[in-house]
Amino acid sequence: MNILGINAYHGNASAALVCDGQLVAAVEEERFNRVKYAAGFPAQAIRYCLKEAGLNLHDIDHVAVPRNPWARLGTKLLYALRMPAFARERLRVMAKFTGIREALVLAFDADPGKIRAQFHRIEHHQAHLASSFFVSPHDRAAALSADGLGDFASTMWACGEGSRMRIGGAVTFPHSLGLYYTAVTQFLGFLKYGDEYKVMGLAAYGHPEHADVFREIVQANGMGFRLGLDYFTHQRTGPEMSWAEADKTPVLGRLYSEKMAERLGPARQSEEPVEARHRNLAASLQKRLEDAYLGMLRTLHAKTGAKAVCLAGGVAFNCVANGKIFENTPFEQVYVQPAAGDGGLSLGAAFYVCHQLLGRPRRFVMDHAYWGPGYSGERMRTAIEAAGLARSGYRLRELPEEELARAAARIVAEGKILGWFQGRAEWGPRALGNRSIVADPRRPEMKDVLNRRIKHREPFRPFAPSILAEATGEYFEKSHPSPFMTLAYAVRGEKRAAIPAPTHVDGTGRLQTVSREANPRYWRLIREFGNVTGVPVVLNTSFNDNEPIVCRPEEAMDCFLRTQMDALALGDFLIEKS
Ligand SMILES: [Fe+2]
């Protein structure tokens, strides 16, 4: 039985294909159309998933779409009367949604009569919850989804057991932890879709000195919370999101009201320098999010008695808050799949149909992230030849895996910057050792070097460490696995000097624990680096420069030559500047 999940006309458009209960492929459209967070219809992602499975559109039995126009219809209508502009935008998106079948027919030039798939509409947060629980290793777990807004809710929780989830409740519009975080992110002058990540990094540099005001902005109450709506505009105008258009990064209108400036001082303009005041606001924002989030998790634990919790939604990318779950709640296990945000909705919708609707038993655990496109050695050779390296002073070698890892590890240990392109692309926004840039974590200057030469990111944003799973407890104060970089832990005091480059200012690291089973090649690279240096950790950042992570070998070659990387391991090929 083949189930295709499609997240369309929404940020992080994506597709996922589940065949007989097993995930076969999952990818976001941005990797193909090269537009970050691309919305629109994910035709290329769908085409790739079908190709990976050797299927065509006529072989699909079920199509799962993570939006349900009927969910909270009363509330939607009520707000539509109050906010006509918002309602118009929603209607435009809705019109596109009802045409998913037509969009498929058009994109694939298919015979409509031959499409036998049954179409399902799955509520946004139920798809989020399913994207985590149904692919987790846990037979029984609590589940929490928290984000900006989807089907007029921002938060939902459930208890999952076997192939069923029982929904416990939801927090509905206009109360939203995601919109809260985005509003203050905008107030701090970071206006682009997805900038919340930057502010989370900034928060570590400040003190939460505005705790009193932030307790008014987010009022926690047991399993839920309320926003102090005077501080916001979205409840009056609707959050102005434009993501019906294909091939565009979504844009969000302003969410905070004048009251925020009255209580917290003037908003920062994006070109103004970041000062102590801004750092303290970021810290206050993060602290209040953690209070509300961890409070909800404690209540969820009390309600479910589960040992494990499965998280999803944009808020579940807050690795700093996630890292605090173990100390601040009784949960012993935390699972967050790599596309916890809206990209993961296609995956969640497909698994929701498989288990919750059709009652099929679970037989899949997502224990690695490599569900995107991979390329043959021949294709890589062609990309290298097309780039004309031989003429421009590069050394090219083709090496067996062991030797490649050893040579690459030596390059990194010398302080050089290595592009590492292997196997199938990662699912979700983090590079996890298949489309990564790797550098020496022991050199304190490496962060600035990377920023100056390649990444051009704000200086306050941290880089992440990848560590051999078996060495986690030696370097970090916790050893619970974090295979998808969704948890940040404190680096052990005595080890901070050993890995200064990926250790954040507050002494934490947003780590990736790398097991031999999940990614043997990357594991081998890190082990060889450990053999040379005594430190089984590398600095890992995504293979890109202000663009979606590279997907094809041609993009890797292009990024390698455009930026100032020293070496590139492209499959079995090792390319070095000579
Ligand atoms: Fe969402």
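Up top is the structure.
All figures in this text were calculated on a predicted structure; none of them were measured in a lab.

## Remarks on the packing of helix α2 (residues 43-53) against helix α5 (residues 100-108)
At a closest axis distance of 11 Å, the pairing of α2 and α5 adopts a crossing angle of 70 degrees. Judged by the inter-axis angle, α2 sits roughly perpendicular to α5. Along the contact surface, α2 presents Ala43, Ile46, Arg47 and Leu50, while α5 presents Leu104, Ala107 and Phe108. When grouped by side-chain class, the residues that make up the contact of α2 with α5 number 6 nonpolar, no polar and 1 charged.

## What about the environment of Val27?
Checked against the element boundaries, Val27 lands in strand β3 (residues 22-28). Overall, the relative accessible area of 2% leaves Val27 in the buried class. Separated by 18 residues in the primary sequence, Val27 and Ala45 place their C-alpha atoms 5.9 Å from one another. In this structure Val27 touches Ser14, Ala15, Phe32, Ala45, Tyr48, Pro373 and Trp427, once residues within four positions along its chain are discounted.

## Remarks on the packing of aromatic side chains
Per the counting criterion, the structure on display carries 14 aromatic pairs. On the numbers, 6.5 Å between centres and 90 degrees between planes, the contact of Tyr335 with Phe484 is edge-to-face. Residue Tyr335 is located in strand β14 (residues 333-336), and its partner Phe484 is located in the loop between α19 (472-475) and β19 (489-490); the two are separated by 149 residues in the primary sequence. Both residues of the pair, Tyr335 and Phe484, count as buried. Seen from their ring centres, Phe364 and Trp371 are 5.5 Å apart, and the 70 degrees between their planes marks the pair as edge-to-face. Within the aromatic cluster, the residues linked to one another by ring pairs are Tyr180, Tyr181 and Phe214. Residue placement shows Arg254 over the ring face of Tyr256; its charged tip is 4.3 Å from the ring centre. One Lys or Arg, Arg268, reaches over the ring of Phe190 and ends 4.9 Å from the middle of that ring.

## Let's talk about the coordination of the iron ion
Looking at the iron ion, one finds its protein donor set to be His124 (NE2), His128 (NE2), Asp147 (OD) and Asp342 (OD), positioned 1.9 to 2.2 Å from the metal centre. Metal-centred angles of 88 to 155 degrees between the 4 donor atoms at the iron ion mark the site as irregular. Spacing between the donor residues of the iron ion along the chain follows H-x3-H-x18-D-x194-D. Separated by 23 residues along the polypeptide, His124 in helix α6 (residues 124-133) and Asp147 in strand β6 (residues 140-150) bring together distant segments of the chain. Neither His124 nor Asp147 differs from the other in exposure class; each is buried.

## Comments concerning the sheet that holds strand β2 (residues 14-19)
Strands belonging to one sheet form pairs held by backbone hydrogen bonds; the direction of such a pair is parallel or antiparallel. Taken in spatial order, the 5 strands of this open sheet run β3-β2-β1-β4-β5, and their pairing is mixed. Sheet topology places β3 and β5 (118-121) at the edges, where each strand pairs with a single neighbour. Strand-to-strand, the axes of this sheet are offset by a mean angle of 15 degrees, without reference to chain direction.

## Quick notes on empty space enclosed by the protein
As enumerated under the stated definition, the model contains 2 cavities of 30 Å³ or more in all. Quantified by volume, the largest cavity comes out at close to 60 Å³. Forming the boundary of the largest cavity are 13 residues, of which Tyr370, Pro483, Gln512, Thr513 and Ala518 lie nearest the centre. Within the lining of the largest cavity, the residues separate by chemical class into 7 nonpolar, 5 polar and 1 charged. Quantified by volume, the second largest cavity comes out at close to 50 Å³. Surrounding the second largest cavity, Thr182, Thr185, Gln186, Phe190, Leu191, Lys192, Tyr193, Gly194, Asp195, Glu196 and Leu252 form its lining. Here the lining of the second largest cavity gets 3 residues from one element, more than from any other, and that element is helix α7 (residues 177-187). Partitioned by chemical class, the residues of the lining of the second largest cavity number 4 nonpolar, 4 polar and 3 charged.

Rules used throughout
- Residues numbered from 1 in each chain as written.
- Predicted model: local features only at pLDDT ≥ 70, side-chain atom pairs only at ≥ 80, totals over all residues.
- Heavy atoms only, no water.
- Axes fitted to C-alpha atoms, helices over the stretch in contact; angles between N-to-C directions.
- Helix = DSSP H or I, 4+ residues; strand = E, 2+ residues; numbered from the N terminus.
- Parallel < 35°, antiparallel > 145°, perpendicular 65-115°, else oblique.
- Contact = heavy atoms within 4.5 Å.
- Nonpolar A, V, L, I, M, F, W, Y, C, P; charged D, E, K, R; others polar.
- Buried < 20%, exposed > 50% of the residue type's maximum accessible area, 1.4 Å probe, protein only.
- Phe/Tyr/Trp six-rings, centres within 6.5 Å; stacked < 30°, edge-to-face > 60°.
- Lys NZ or Arg CZ within 6 Å of the ring centre and 35° of its normal.
- Donors = N, O, S within 2.8 Å, 3.2 Å for Na, K, Ca; no water.
- Tetrahedral: all angles 85-135°; square planar, octahedral: opposite > 155°, others 65-115°.
- Pairing = 2+ DSSP bridges.
- 1 Å grid on protein atoms, 1.4 Å probe; cavity = no way out; pocket = protein on both sides within 12 Å on 5 of 7 lines; lining within 4 Å.
- Points joined across faces, edges and corners; volume = space filled by probe spheres on them.

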